[in-house]
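Summary of structural features
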Amino acid sequence: MIWYPYEQMKTMKTPYKIIDANGVYLYTKDNKMIDSVSSWWSVIHGYKHPELNKAIISQVEKFSHVMLGGLTHEPVQKLSDKLQSWLPGDLNYCFFSDSGSVAVEVALKMALQFYMNQKEEQRTMILALEHAYHGDTFKTMEAGDDEDYHFVLKAYGPSKYVVHIPTKIDALEQAFIKYHDRLNCFIVEPLLQGAGGMRMYDVSFLKRARELCDQYGVLLIFDEVATGFGRTGNRFVADLVLPDILVLGKALTGGYIGHAVTVANKKVYDGFYDDNPEHALMHGPTFMGNALACSVALKSTELFEKQNYMAKIQKIEQITHRELDGFSDPRIKEIRIMGGCVCIEVYDSSILKGYQQFAFERGVFSRPFLKYLYAMVPYIITEQELIKVLDTMKAWFKL
Ligand SMILES: *Cc1c(COP(=O)(O)O)cnc(C)c1O
């Protein structure tokens, strides 16, 4: 018996059973639908991509996995070399793990231990954003501010170790003045907060955050698990403002297999690099640096670069604006568009009830949550297919 995610099993509607997938399409026994969710924002090249398939199949014929404790291999070395040269600044030190949540845990652990290694033991606190989402494990839930988790975390009472602020510069400045010598890091989903409701904010906030982090000696962490690889219309938001630690996941493997990476800069790496064994980073997921994941991630990165995905994403943003600018309905609170992400926020979650089936019947897979009807399409989508996704969203309000 399968226990499905984020579902009350007693009232859950039967999920659609997928029997094949190709390009932007998911196939059930008797329907074909465009995946407007990209399987939780990860399948950026679409399904059954010939080159990604080839990369993973040729690795499986050598070996699928060996542990990274005491062993190493070409796929993980090539991927870390690639990331080192491809990522901005001195984000050069790649710690791999099996999921975004774990990679964020690693980032938070790095930030804490970075200061413990220097005997700054009062720096136990994390600064984070309201409506943040950083994953489903305990510390990431605590750093996050997801309404769905408040219920379970209530058992522990208010957190002593995390402060949440809105994406406003004055709140940011006040938090630094108040907590600076107790903070080890400021963690954000840069520019686009995904699971917290596709909220978008300005880069000036991040630029000010970088200044304050430098001024007060606090590490800046970008959780780009969702925003990385072009989703905001930037390759990485880290290209605009450089963090000390960058976390990538979801699209890292083109959505083929779970993998993530926590990339540190030299300053962070050097905080662990000495003769004291206790200063080592004590972490090591069983499947970190998995050879299949690394092979497909390397190929995915190469495709992204060679086939000029940034232009594809720009086109998606342009078409989305053209189709949705000026569209309105009394039930719609706001329409937000950034890069390859569009969100229609409505006034009440009941307004979206039944949308999933409505879209299914029109050949689109969608999974609205709370008050948010959104699309994060695979970047290979054609103009016609994208228009179909957007028309389906609009049609719901014309009923
Ligand atoms: C999805 C997500 C995570 C968690 O990644 P998993 O692979 O699901 O553990 C963390 N941070 C952000 C911003 C995400 O969108």
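Residues numbered from 1 in each chain as written. Predicted model: local features only at pLDDT ≥ 70, side-chain atom pairs only at ≥ 80, totals over all residues. Heavy atoms only, no water.

This part covers unusual backbone geometry. Phi at Trp 41 takes a positive value of approximately 70°, unusual for a residue other than glycine. By the secondary structure assignment, Trp 41 is in helix α1 (residues 38-41). A relative accessible area of 6% means that Trp 41 is categorised as buried. With a phi angle near 50°, Asn 308 is a residue other than glycine that sits in the positive phi range. (Helix = DSSP H or I, 4+ residues; strand = E, 2+ residues; numbered from the N terminus. Buried < 20%, exposed > 50% of the residue type's maximum accessible area, 1.4 Å probe, protein only.)

Taking 1.5 Å as the rise per residue, helix α3 (residues 74-86) with 13 residues should run 18 Å; its terminal C-alpha atoms sit 18 Å apart, in good agreement. Pro 75, Val 76, Leu 79, Lys 82, Leu 83 and Trp 86 are the residues of α3 that are buried. One face of α3 carries all of its buried residues, which in axial projection span an arc of 130°. Buried residues belonging to α3 abut α2 (50-60), β4 (93-97), β12 (260-264) and α10 (291-306). (Expected span 1.5 Å × (residues − 1). Arc of directions from axis to C-beta. Contact = heavy atoms within 4.5 Å.)

Once that is clear, we can look at the domain arrangement of the protein chain. Structurally, the protein chain comprises domain 1 (20-49 + 308-396) and domain 2 (52-306). Between the C-alpha centres of domain 1 and domain 2 there is a distance of 27 Å. Facing the 26 residues of domain 1 at the interface are 30 residues of domain 2. Summed over both partners, the interface of domain 1 with domain 2 buries about 2500 Å², with 64% contributed by carbon and sulfur atoms. Counting the surface domain 1 buries against domain 2, the share from its top three residues, Trp 41, His 49 and Met 338, is 27%. Elements with a minimum of two residues in the side of domain 1 that touches domain 2: α1, α11 (309-324), β13 (332-338), β14 (341-346) and β16 (372-375). Tallied by class, residues from the side of domain 1 that touches domain 2 come to 17 nonpolar, seven polar and two charged. (Domains from an automatic or database assignment. Buried area = accessible area lost by both parts, 1.4 Å probe. Nonpolar A, V, L, I, M, F, W, Y, C, P; charged D, E, K, R; others polar.)

Below, the discussion takes up the site of the ligand. Every residue near the ligand is listed here: Trp 41, Ser 99, Gly 100, Ser 101, Tyr 133, His 134, Gly 135, Glu 189, Asp 223, Val 225, Ala 226 and Lys 250. Ser 101 is positioned such that a nitrogen or oxygen atom in its side chain is 2.6 Å from an oxygen atom of the ligand. Out of a free accessible area of 380 Å², the ligand has 83% covered by protein chains. Taken together, the residues of the shell around the ligand sort by class into four nonpolar, five polar and three charged. (Near = heavy atom within 4 Å. Polar contact = N/O pair within 3.5 Å; in protein donor to acceptor, adjacent residues only side chain to side chain. Areas by Shrake-Rupley, 256 points an atom, 1.4 Å probe, with all protein chains shown as cover.)

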